[in-house]
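Architecture and fold: a report
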Amino acid sequence: MNTKQETRANATTAVFGSEKMLTPAPTQNIPQHKTTPEIAYQMVKDETYPQTQPRLNLATFVTTYMDEYATRLMNEAINVNYIDETEYPRVAVMCGRCINIIANMWNSPEKAEWKTGALGIGSSEACMLGGVAAWLRWRAKRKAEGKPFDKPNLVMSSAFQVVWEKFCQLWQIEMRTVPLTLEKPTLDPKDALAMCDENTICIVPIAGVTWTGLNDDIEALDHELDAYNKKTGYDIPIHVDAASGGFILPFLNPEVKWDFRLKWVWSISTSGHKYGLVYPGLGWVVWKDKKYLPEEMSFSVNYLGANITQVGLNFSRPAAQILGQYYNFIRLGFDGYKEVQQNSMDVACYCHEQIGKMKCFENYSKELQNPLFIWYMNPEYDKTAKWTLYDLQAVLQQSGWMVPAYTMPKNIDSLVVMRVVVRQGMSRDMADMLLSDIGNAVAGFEKLKYPTQSRLDYEAKVKQKGRVFTH
Ligand SMILES: *Cc1c(COP(=O)(O)O)cnc(C)c1O
């Protein structure tokens, strides 16, 4: 093959008439030669061509729909680096305004004109920052008291999102988890406190548990913790991981106390790119007051044209998401956010109800607290079924849906569940299409003469471990 000629594809070369389209895509080394932008574009685009349509991806919590103006704004800012605050000072101001708006939405008592918070690339970075702040505060206090500070621990439920495992591993903090059970599907405050001691840097309840869609009872935790702190003389605080709930509770359940109205909630994190309704990646963390953000976490750099203070793990980061968040606040306002979240909730409740009516399924919880829910196979049906939820996942994928099946956290990890996350962009009509695809898939499974491979694997496991449901 004449590689020279191939690389000299010119403007008249038809994309699919080029030699490039006959050569394997680079996997190890950078190609020696150039090609035209049209050909390069086509090759990259086609790599992603058979993937799920993002809006049919019901596995993710992350935004897959924004309106045209938001998309335009974000695309126009695609070349702006957030960190260059001197060059793009209005972006920094906009970021501060977003933090103010979110802090006030969470009932921050802070009086300052600019509330104390930071942006992250997602909740993960925001959680890390909240966790690090808790650890440094604890350490400073221990040092001041002349006590050892080498064995910090953190307490949360076993239904933690993986970021907390990362945080604990990277900062070498002992992770103490309260196991979930079918009877106690959220963090039990008494169980959590039983794991605390003088080395506990914070307790992390979750608003919008990734695994189940439920909320930990943060008000009850705060109440119990207050008594516990009084009794012991500790001052263990709460960091709320509100990755999903941070943008649901203020709109749909403003009466529920989970935020800075509670005494021991000193920091809260959320994902701007989940129910904040912005494309990825955007997260936010807010502290109750400046005094809860340790000074060591602020870094100043002077080479951008002014002295700039930053809190964050990353240095450079895209600015477009901030424009998207601020646009949403202006475009939707409180009422608009409430309507969008309520629609997601109503569509989720509708799916929940319909799934609950199918004899092969059972919902994990009766009520929804966030626009997502999980279900499992009805235990009676399960005894004779020739298929599993993994088979259902695979069949739904054929019509473009991504509806994940997975096992629950340790202790109840032999329970296989399926989850649907409803977000902006999922209408009642789409829900009907999904439900009809589920119905057709089940009808197909019921005609099976022999069990699927996935069923055989499952039965083998059941033989070893037993079914979760013994009735
Ligand atoms: C999604 C999620 C995270 C991680 O958030 P990212 O924005 O994906 O980094 C952390 N905690 C909970 C409870 C989550 O749902």
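Everything below is about the structure printed above this text.
Below is a summary of the structure that appears in this document. Fair warning: this is a prediction, and the values are worked out from it, not measured in the lab.

Strand order in this open sheet of four strands is 10-11-13-12, and the pairing throughout is antiparallel. Two strands in the sheet have a free side with no partner beyond their single neighbour: strand 10 (361–363) and strand 12 (405–407). Strand-to-strand twist of the sheet, defined as the mean angle between neighbouring strand axes without regard to direction, takes the value 40°. As paired strands, strand 10 and strand 11 (residues 372–377) are joined by three bridges and run antiparallel to one another. Bridging from a neighbouring strand, N363 pairs with W375 of strand 11.

There is about 720 Å³ of room inside the largest pocket. Lining the largest pocket are 27 residues, and of these I99, G117, T309, Q310 and V311 lie nearest its centre. Elements with a contribution of two residues or more to the lining of the largest pocket: helix 4 (89–105), strand 1 (117–120) and strand 9 (308–310). Counting residues per element, the lining of the largest pocket draws most heavily on helix 4, which supplies five residues. Considered class by class, the residues forming the lining of the largest pocket number 14 nonpolar, eight polar and five charged.

With that settled, consider the pairing of strand 3 (residues 174–178). In the case of a regular strand, side chains alternate between the two sheet surfaces. Relative to strand 3, strand 2 (residues 153–157) runs parallel, the two sharing five bridges. Paired with L154 across the two strands is M175, which belongs to strand 3. Each parallel crossover has a hand, and the one from strand 2 via helix 6 (residues 162–170) to strand 3 is right-handed.

Here we take up the site of the ligand. Residues in contact with the ligand amount to 13 residues; listed here are only the nearest, S123, S124, D241, H273 and K274. Note that an oxygen atom of the ligand is positioned 2.5 Å from one of the side-chain N or O atoms of S124. Within the contact set of the ligand, an oxygen atom lies 2.8 Å away from a side-chain nitrogen or oxygen of K274. Protein burial of the ligand: of its 380 Å² of free accessible surface, 89% is covered by the chains. Looking at the shell around the ligand residue by residue, the classes come out as three nonpolar, eight polar and two charged.

Contact pair helix 5 (residues 123–144) / helix 6: the axes reach a minimum separation of 10 Å and the direction vectors enclose 45°. By the angle between their directions, the pair helix 5 and helix 6 is classed as oblique. Of the two elements, helix 5 crosses helix 6, and the hand of that crossing is right-handed. Between helix 5 and helix 6, the contacting residues are S124, C127, M128, G131 and V132 on the first element and V163, W164, K166, F167 and L170 on the second. Considering only residue class, the contact of helix 5 with helix 6 consists of seven nonpolar, two polar and one charged.

A few words now on the environment of T63. The topology assignment puts T63 in the loop between helix 2 (37–47) and helix 3 (68–76). Taking the C-alpha atoms as reference points, T63 and G96, separated by 33 residues in sequence, lie 22 Å from one another. If sequence neighbours within four positions are ignored, T63 has contacts with H273, K274, L277, V278, Y279 and P280. In this structure the side chain of T63 is engaged in a polar contact, spanning 3.0 Å, whose partner is the backbone oxygen of V278.

Time to look at the pattern of salt bridges. Per the stated rule, a full pass over the model turns up 21 salt bridges. With its nearest N and O atoms 2.8 Å apart, the salt bridge here joins R317 to E125. You can see R317 sitting in the loop between strand 9 and helix 10 (320–357) and its partner E125 sitting in helix 5, a full 192 residues away along the chain. Owing to a relative accessible area of 6%, R317 belongs among the buried residues under this scheme. Among the ionic pairs, D259 bridges to R261, the shortest N-O distance being 2.8 Å. We classify R261 as partly exposed; its relative accessible area is 34%.

At a minimum axis separation of 10 Å, helix 12 (residues 389–398) and helix 13 (residues 428–446) run at an interaxial angle of 125°. Relative to helix 13, helix 12 is oriented oblique. Where helix 12 crosses over helix 13, the two elements pack in a sense that is right-handed. When helix 12 is examined against helix 13, the residues D391, L392, V395 and L396 are found in contact with a partner set consisting of D437, I438, A441 and F445.

Counting residues in hydrophobic clusters, the biggest one holds 142 residues, and the most contacted among them are L154, W287, F361, W387 and L392. Broken down by element, this core gets its largest block of residues, 15 residues, from helix 10.

One turn of the α-helix equals 3.6 residues, which is why residues spaced by three or four share an orientation. Taking 1.5 Å of rise per residue, 13 residues should cover 18 Å, and helix 14 (residues 453–465) covers 18 Å from first to last C-alpha, within 8% of that figure. Buried residues of helix 14: S454, R455, Y458 and V462, and no others. Each buried residue of helix 14 sits inside an arc of 95° when the element is viewed along its axis, so together they form one side. Exposed residues on helix 14 whose side chains face more than 90 degrees from its buried face are Q453, K463 and Q464.

Right, let's get into the pairing of strand 6 (residues 265–271). The buried count for strand 6 comes to seven of seven residues, which makes it a mostly enclosed element. The pairing of strand 5 (residues 238–241) with strand 6 spans four bridges and is parallel. Paired with H239 across the bridge in strand 6 is S267. With five bridges connecting them, strand 6 and strand 7 (residues 283–287) associate as antiparallel partners. Residue pairing across strands places S271 opposite G283, the latter belonging to strand 7.

Quick notes on the rules
- Residues numbered from 1 in each chain as written.
- Predicted model: local features only at pLDDT ≥ 70, side-chain atom pairs only at ≥ 80, totals over all residues.
- Heavy atoms only, no water.
- Pairing = 2+ DSSP bridges.
- Helix = DSSP H or I, 4+ residues; strand = E, 2+ residues; numbered from the N terminus.
- Axes fitted to C-alpha atoms, helices over the stretch in contact; angles between N-to-C directions.
- 1 Å grid on protein atoms, 1.4 Å probe; cavity = no way out; pocket = protein on both sides within 12 Å on 5 of 7 lines; lining within 4 Å.
- Points joined across faces, edges and corners; volume = space filled by probe spheres on them.
- Nonpolar A, V, L, I, M, F, W, Y, C, P; charged D, E, K, R; others polar.
- Right-handed = clockwise from strand over helix to strand, strands pointing away.
- Near = heavy atom within 4 Å.
- Polar contact = N/O pair within 3.5 Å; in protein donor to acceptor, adjacent residues only side chain to side chain.
- Areas by Shrake-Rupley, 256 points an atom, 1.4 Å probe, with all protein chains shown as cover.
- Parallel < 35°, antiparallel > 145°, perpendicular 65-115°, else oblique.
- Left-handed = near helix turned anticlockwise from the far one by under 90°.
- Contact = heavy atoms within 4.5 Å.
- Salt bridge = Lys/Arg side-chain N within 4 Å of Asp/Glu carboxyl O.
- Buried < 20%, exposed > 50% of the residue type's maximum accessible area, 1.4 Å probe, protein only.
- Core = buried A, V, L, I, M, F, W, Y, C linked by side-chain atoms within 4.5 Å.
- Expected span 1.5 Å × (residues − 1).
- Arc of directions from axis to C-beta.

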